[in-house]
Amino acid sequence: MKNKLKKAFTIIELTVVVVILWILTLWMTIYLDWTWDRAKNIEAESCANSFLWNMNNFLFFTLTSKTLKTDWNEVSPNYYTIQLSWWNSNWNPCNKTNFDNDIHRFCNEIVLWYLTGDETNPTQYQTYTIGNTCQQNRSRVWFYRSGSENIRYIKMNKWFSPLTLQDNNVFFITDWNNKYLYWDIIILRCYDDNCESRRELWKWAVDARTQTISYIKCKYYDENQLNKCKTFEDEIENESN
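None of the values given here were measured: they were computed from a predicted structure.

### Side note on the overall build of the protein chain
From N to C terminus, the protein chain includes four helices and 13 strands. For the protein chain, contacts bridging at least 24 residues in sequence account for 57% of all contacts bridging at least 6. If you sum the accessible surface of the protein chain, you get close to 14800 Å²; carbon and sulfur atoms cover 53% of it.

Here it is in structure tokens:
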């Protein structure tokens, strides 16, 4: 009888041990997967911040009127522009509609231009891509213009001051014909090379009123589309005010 009880007790012990090992294995799998995904998010966030640093550095050049060093000389522009690249073959802008329709090539590049007093067409200064901007070239950060409007660039006057009597704006967002006060650039982390699997994590908020480009995180996601950000942190602040 004692042997039977001892045998039964041993089986229970083994069962408990197996369950504990299964729980630990499951927990470690989830934990390691979570930490890997978190690490990739941090890597992508660092990449997005590097893009932002270059854009804000360009704003600083505009404000202080520092000369820009090109490959051939130094120039002192009158106007500075920041532009998201587009699909050059068909001139499709990187807006939300085209991105959702998978027409989003080159939506991972920022192009800086300048215009001097004796020029009629802007000259390209720098193009920032994953390869020359981010420490980890495998960081998959892409972006698009919020909404469906074909906003083409941010244009800034030297010193953020009127240069002619016709200057009504010194920092503005434009699609050639219209000017806007505010513009969101949505930033995504891509889970594959073509960004077919992606998630909205942050945005660059361009504000012509404050003449700034800010970095803002997503706070809440859409319950029906978990890859889409429903509410960004600045939207919560605006509601509370």
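Picking up after the structure, the text goes on.
### Quick word on unusual backbone geometry
One non-glycine residue with positive phi stands out, namely Trp-159, at about 65 degrees. With respect to the secondary-structure elements, Trp-159 resides in the loop between strand S7 (153–157) and strand S8 (171–174). Residue class for Trp-159 comes out partly exposed when judged on its relative accessible area of 46%. With a phi close to 55 degrees, Gln-211 is a non-glycine residue in the positive phi region.

### A few points about the sheet that holds strand S3 (residues 79–84)
The antiparallel open sheet is built from six strands, whose spatial order is S5-S4-S3-S7-S8-S9. Each edge of the open sheet is held by one strand with a lone partner, namely strand S5 (123–128) and strand S9 (179–180). By the bridge criterion, four bridges tie S7 to S8 in an arrangement that is antiparallel. What sits directly across from Tyr-153, in S8, is Thr-174.

### Here's the deal with the sheet that holds strand S10 (residues 182–190)
Read across the open sheet, the five strands follow the order S6-S10-S11-S12-S13; overall the sheet is antiparallel. In the strand order of this sheet, the two ends are held by strand S6 (141–145) and strand S13 (229–232), each with one partner. With strand direction ignored, the average angle separating the axes of adjacent strands in the sheet is 35 degrees. One ladder, built from three bridges, connects strand S12 (residues 212–221) with S13; its direction is antiparallel. Looking at the pairing, Cys-218 lines up with Phe-232 of S13.

### Structural notes on the packing of aromatic side chains
Counted according to the given criterion, the structure contains nine aromatic pairs. For the pair Phe-160 and Phe-171, a centre-to-centre distance of 5.7 Å together with 85 degrees between the ring planes defines the contact as edge-to-face. Taken together, the residues Phe-160 in the loop between S7 and S8 and Phe-171 in strand S8 connect sequence positions 11 residues apart. For the pair formed by Phe-160 and Phe-171, the shared burial category is buried. Each member of the aromatic cluster is reached from another via a ring pair, and the members are Phe-51, Phe-143 and Trp-204. The ring centre of Tyr-221 lies 3.9 Å from the NZ or CZ of Arg-199, which sits over that ring.

### Quick word on the side chain of Thr-62
Tracing the chain through its elements places Thr-62 in helix H1 (residues 2–64). Accessibility expressed as a relative area gives 0% for Thr-62, which makes it buried. When near neighbours in sequence (up to four residues on either side) are disregarded, Thr-62 contacts Tyr-80, Met-156, Asn-157, Lys-158, Trp-159 and Phe-160.

### Section: the nonpolar core
One finds Phe-51, Phe-58, Ile-82, Ile-110, Met-156, Trp-204 and Ile-213 to be the most contacted residues of the largest nonpolar core, which totals 39 residues. Broken down by element, the residue count for this core peaks at nine residues, all from H1. Contact partners of Ile-110, with chain neighbours within four places excluded, come to Phe-51, Met-55, Ile-82, Gln-83, Leu-84, Gln-126, Thr-127, Tyr-128, Phe-143 and Trp-204. Among the nonpolar cores identified, the runner-up in size contains 14 residues, and Cys-94, Phe-99, Cys-107 and Tyr-144 belong to it.

### Observations regarding the state of the cysteines
Following the criterion strictly, the structure yields four disulfides and no others. Note that Cys-47 is cross-linked by a disulfide to Cys-134, the S-S spacing being 1.8 Å. Between Cys-47 and Cys-134, the S-S dihedral sits near 60 degrees, and the bridge is therefore right-handed. Note that Cys-47 is positioned in helix H1 and Cys-134 in the loop between helix H3 (130–133) and S6, a separation of 87 residues in sequence. Residue Cys-47 shares its accessibility class with Cys-134, and that shared class is buried. Covalent S-S linkage joins Cys-190 and Cys-195, the inter-sulfur distance amounting to 1.8 Å. Around the S-S axis, the bridge from Cys-190 to Cys-195 shows a dihedral of about -70 degrees and counts as left-handed. The buried category is assigned to Cys-190, whose relative accessible area is 4%.

Conventions used here
Residues numbered from 1 in each chain as written. Predicted model: local features only at pLDDT ≥ 70, side-chain atom pairs only at ≥ 80, totals over all residues. Heavy atoms only, no water. Helix = DSSP H or I, 4+ residues; strand = E, 2+ residues; numbered from the N terminus. Contact = heavy atoms within 4.5 Å. Areas by Shrake-Rupley, 256 points an atom, 1.4 Å probe, with all protein chains shown as cover. Buried < 20%, exposed > 50% of the residue type's maximum accessible area, 1.4 Å probe, protein only. Pairing = 2+ DSSP bridges. Axes fitted to C-alpha atoms, helices over the stretch in contact; angles between N-to-C directions. Phe/Tyr/Trp six-rings, centres within 6.5 Å; stacked < 30°, edge-to-face > 60°. Lys NZ or Arg CZ within 6 Å of the ring centre and 35° of its normal. Core = buried A, V, L, I, M, F, W, Y, C linked by side-chain atoms within 4.5 Å. Disulfide = S-S within 2.5 Å.

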